[in-house]
Amino acid sequence: MDMQVVDVSPQLAAQWLTRNTNNRPLSKGTVQQLAGQIQRGEWQLTHQGIAFDEDGVLIDGQHRLAAIVKAGVTVQLTVARGVPRTAFTVMDTGRKRTGRDALALAGEANATHLAAALRGLHLYRTAPNSAWSGGSSVTSNDQLLDVLAKHPGVRDALQHGIAFNRGCRITVTAATIGWYVTTEARPDIDQSAWEEGVLTGARLEPGDPRLTLRNTMLSLALGNAHRRRDDSREHLLYYLKAWNAWVEGRSIKLLRRSPNETMPRVSSRSALTSADNSA
């Protein structure tokens with residue numbers, strides 16, 4: 001078996017794909033994800049590349065080659081030739097490194113929740129009105145680390161997100177993003193009264209946005225037998241609608257999501273006084 005590092009152009013990748021005569025079906029989502037990494041400059045040379053068997057048949061790496069073609073960019077790949085055909089059955093059977101793994105290796109605490117929150121923040125910034133599930137919502141590990149570098153305050157926001165989740169069952173991801181984007185956009189607002197109200201509901205009148213959000217989340221948690229994969233997007237929409245009403249001094253008795261409703265922007269208006277902020 002021979003191995004070497006090769007500069008693989010889109011033309012060479014297309015040529016090698018013609019030797020792909022006995023491989024698994026191509027996943028368009030995986031190709032799109034890899035092509036995006038190449039175009040963003042995230043591609044790195046590793047021991048994982050492509051492999052040809054004793055007869056020159058491609059037995060590993062079809063998605064990497066298809067991504068090079070799609071991206072239209074030349075990258076370096078490790079190319080193995082003369083790999084025994086019997087090795088095909090054990091290729092790609094290891095667990096793929098997740099965003100949680102990447103963050104844990106970087107020394108981050110609460111890596112599982114942090115990875116989900118960073119992915120959600122990325123989608124909130126780039127695709128707020130699209131479904132946060134499926135192939136189009138995939139976020140690479142490099143993207144997660146980049147989002148964290150640009151928004152280090154998410155680490156602190158995550159602690160609030162965990163507290164909200166324990167208090168009213170809103171997803172940690174939605175509460176973390178909600179806390180982060182509102183504090184980022186409105187540093188003039190002291191949110192301690194908002195957090196206490198949502199967490200406890202104590203001494204709040206019907207129609208208070210904090211109580212309405214709390215009751216909505218608890219109700220969903222009790223009756224939502226079939227959870228959707230984009231629950232965090234729905235919860236964030238409720239969070240921002242309630243927060244906007246609270247900061248504007250409006251009463252709101254019902255939170256619901258209408259079909260094709262867009263994600264609310266953080267309100268720039270405020271009816272809160274300094275006393276309200278601390279009450």
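Data block above holds the structure.
Analysis parameters
Residues numbered from 1 in each chain as written. Predicted model: local features only at pLDDT ≥ 70, side-chain atom pairs only at ≥ 80, totals over all residues. Heavy atoms only, no water. Helix = DSSP H or I, 4+ residues; strand = E, 2+ residues; numbered from the N terminus. Buried < 20%, exposed > 50% of the residue type's maximum accessible area, 1.4 Å probe, protein only. Contact = heavy atoms within 4.5 Å. Areas by Shrake-Rupley, 256 points an atom, 1.4 Å probe, with all protein chains shown as cover. Phe/Tyr/Trp six-rings, centres within 6.5 Å; stacked < 30°, edge-to-face > 60°. Lys NZ or Arg CZ within 6 Å of the ring centre and 35° of its normal. Salt bridge = Lys/Arg side-chain N within 4 Å of Asp/Glu carboxyl O. Pairing = 2+ DSSP bridges. Axes fitted to C-alpha atoms, helices over the stretch in contact; angles between N-to-C directions. Polar contact = N/O pair within 3.5 Å; in protein donor to acceptor, adjacent residues only side chain to side chain.

**Examining the overall build of the chain**
The helix and strand inventory of the chain stands at 12 helices and 4 strands. Within the chain, the fraction of its 279 residues that count as buried is 47%. Restricting to contacts in the chain with at least 6 residues of sequence separation, those with at least 24 account for 72%. As presented, the chain carries roughly 14700 Å² of accessible surface, and 49% of it is formed by carbon and sulfur atoms.

**What about the packing of aromatic side chains?**
Under the counting rule described, the total for this entry stands at 6 aromatic pairs. Ring centres of Trp194 and Tyr239 lie 5.4 Å apart, and the angle between their planes is 75°; this geometry places the pair in the edge-to-face category. Taken as a pair, Trp194 in helix α9 (residues 192-200) and Tyr239 in helix α11 (residues 231-248) lie far apart in primary sequence, 45 residues in all. Under the relative-accessibility criterion, Trp194 is labelled buried at 0%. Geometrically, the ring pair formed by Trp194 and Trp246 is tilted, given 5.5 Å between the ring centres and 45° between the ring planes. With Trp194 in helix α9 and Trp246 in helix α11, the pair connects residues that are 52 residues apart, well separated along the chain. Members of the aromatic cluster, joined through ring pairs, are Phe164, Trp179, Trp194, Tyr239, Trp243 and Trp246. Sitting over the face of the ring of Phe52, Arg19 holds its NZ or CZ atom 5.0 Å from the ring centroid.

**Thoughts on the pattern of salt bridges**
Summed over the entire model, instances satisfying the criterion amount to 10 salt bridges. Taking the shortest distance from any N to any O, the salt bridge between Arg210 and Asp208 comes out at 2.9 Å. Arg210 gets classed as buried once you look at its relative accessible area, which sits at 12%. Among the ionic pairs, Lys241 bridges to Glu261, the shortest N-O distance being 3.0 Å. Taken as a pair, Lys241 in helix α11 and Glu261 in the loop between α11 and α12 (274-278) lie far apart in primary sequence, 20 residues in all. The class for Lys241 is partly exposed, based on a relative accessible area of 22%.

**Looking at helix α3 (residues 62-71)**
The buried count for α3 comes to 8 of 10 residues, which makes it a mostly enclosed element. By the burial criterion, the buried members of α3 are Gln62, His63, Arg64, Leu65, Ala66, Ala67, Ile68 and Ala71. Against the buried residues of α3 lie β1 (2-8), α1 (10-17), α2 (28-39), β2 (50-53), β3 (58-60) and β4 (75-83). Following α3 by one or two positions, Gly72 adopts a phi angle in the positive range, close to 70°.

**Remarks on the sheet that holds β3**
Spatially, β1-β4-β2-β3 is the arrangement adopted by the 4 strands of the open sheet, whose pairing is mixed. At either end of the open sheet lies a strand with only one pairing partner, and these are β1 and β3. Here the average twist between neighbouring strands, direction ignored, is 35°.

**A closer look at the side chain of Thr182**
By secondary structure assignment, the location of Thr182 is in helix α8 (residues 172-185). Within the local environment of Thr182, its side chain forms a polar contact with the backbone oxygen of Gly178, the two atoms lying 2.7 Å apart. For Thr182, the residues in contact, after removing those within four places along its chain, are Gln191, Leu240, Trp243 and Val266.

**What about the pairing of β2?**
Here β2 shows a buried face lined by Ile50 and Phe52 and a second buried face lined by Ala51 and Asp53. In this sheet, β4 lies alongside β2 in parallel orientation, the contact comprising 3 bridges. Residue Ile50 lies in a different strand from β4, and its bridge partner there is Val79. When β2 meets β3, the two strands line up antiparallel, connected through 2 bridges. Looking across to β3, one finds that Ala51 is bridged to Asp60. The hairpin turn running from β2 into β3, its antiparallel successor, is 4 residues long, and Gly56 in that turn takes a positive phi close to 80°.

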